[in-house]
Amino acid sequence: MTGFLGLAYLWVKAAHIIFVIFWMAGLFLLPRYLVHHQESLGTPEAEKWVHREALLRKMILTPSIGAVWLLGIALALNVGLFDGQPGLGWLHAKLAIVFALSGFQGWAVGYSKKLAAGLGSIAPRKLRMIGEVPALAVIAIVILAVVKPF
Ligand code: HEM
């Protein structure tokens, strides 16, 4: 299916990057919310964080992760990932990190549900540090996608 996108290729790539930006915005916000949510446990403010996290999930995270994956798979088909095209080591590495980042979202959503039940077990400093994971992943992913070093 190499090149099947034809003239649509640049439009699909633009859409991919637009949804990547939406997804990253959500992934940078959610861990911040978790820190504030955990700090507010036992106060009336906690309920507001439950609501904010649910909105972020429904309006930003879930639609944009789906769109990024769909458009990314279309681009991967277009560059010949499934046709055994050589020189795509960067894409394999990128996919491994994107898988891990998708898992990170699953973990963060799971932790928000734990907080909603009034349970928070991660030390505040550690929780803040965990919040830096998406930024580190983005640095690696963008270098792999743009520089294509291998
Ligand atoms: C969800 C799975 C993803 C897949 C399957 C995927 C796959 C791809 C493919 C095949 C390309 C086209 C490369 C080309 O035609 O030269 C591309 C472009 C790009 N992707 Fe992804 N991607 C995914 C997620 C992401 C994420 C999470 C980010 C950033 C955090 C990202 C950032 C980019 C950028 C910046 C480009 C443009 C590279 C360029 O043309 O210079 N992608 N992606």
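Residues numbered from 1 in each chain as written. Predicted model: local features only at pLDDT ≥ 70, side-chain atom pairs only at ≥ 80, totals over all residues. Heavy atoms only, no water.

What follows concerns the coordination of the iron atom of the ligand. Ideal geometry at a metal centre gives angles of 109.5 degrees when four donors are arranged tetrahedrally and 90 or 180 degrees when six donors are arranged octahedrally. Around the iron atom of the ligand, the protein contributes the donor atoms H16 (NE2) and K94 (NZ), which lie 1.7 to 2.1 Å from the metal centre. For the iron atom of the ligand, the six donor atoms in the first shell make angles of 85 to 179 degrees at the metal, so the coordination geometry reads as octahedral. You can see H16 sitting in helix α1 (residues 9–39) and its partner K94 sitting in helix α3 (residues 89–116), a full 78 residues away along the chain. What makes K94 buried here is its relative accessible area of 15%. (Donors = N, O, S within 2.8 Å, 3.2 Å for Na, K, Ca; no water. Tetrahedral: all angles 85-135°; square planar, octahedral: opposite > 155°, others 65-115°. Helix = DSSP H or I, 4+ residues; strand = E, 2+ residues; numbered from the N terminus. Buried < 20%, exposed > 50% of the residue type's maximum accessible area, 1.4 Å probe, protein only.)

Taken as a whole, the largest pocket encloses approximately 660 Å³ of empty space. Along the walls of the largest pocket sit 26 residues, with H16, L75, W90, K94 and A145 positioned nearest its centre. Where the lining of the largest pocket is concerned, the elements lending two or more residues are α1, α2 (45–78), α3 and α5 (133–147). Among the elements that line the lining of the largest pocket, the one with the most residues is α1, at seven residues. Taken together, the residues of the lining of the largest pocket break down into 21 nonpolar, two polar and three charged. (1 Å grid on protein atoms, 1.4 Å probe; cavity = no way out; pocket = protein on both sides within 12 Å on 5 of 7 lines; lining within 4 Å. Points joined across faces, edges and corners; volume = space filled by probe spheres on them. Nonpolar A, V, L, I, M, F, W, Y, C, P; charged D, E, K, R; others polar.)

Before going further, it helps to examine the nonpolar core. Counting 24 residues, the largest nonpolar core has W23, L27, L30, L34 and L101 as its most contacted members. Going through the elements one at a time, α1, α2, α3, α4 (124–130) and α5 are the ones with two or more residues in this core. The contact partners of L34, leaving out residues within four places of it in the chain, are E53, W107, A108, Y111, S112, L115 and L127. (Core = buried A, V, L, I, M, F, W, Y, C linked by side-chain atoms within 4.5 Å. Contact = heavy atoms within 4.5 Å.)

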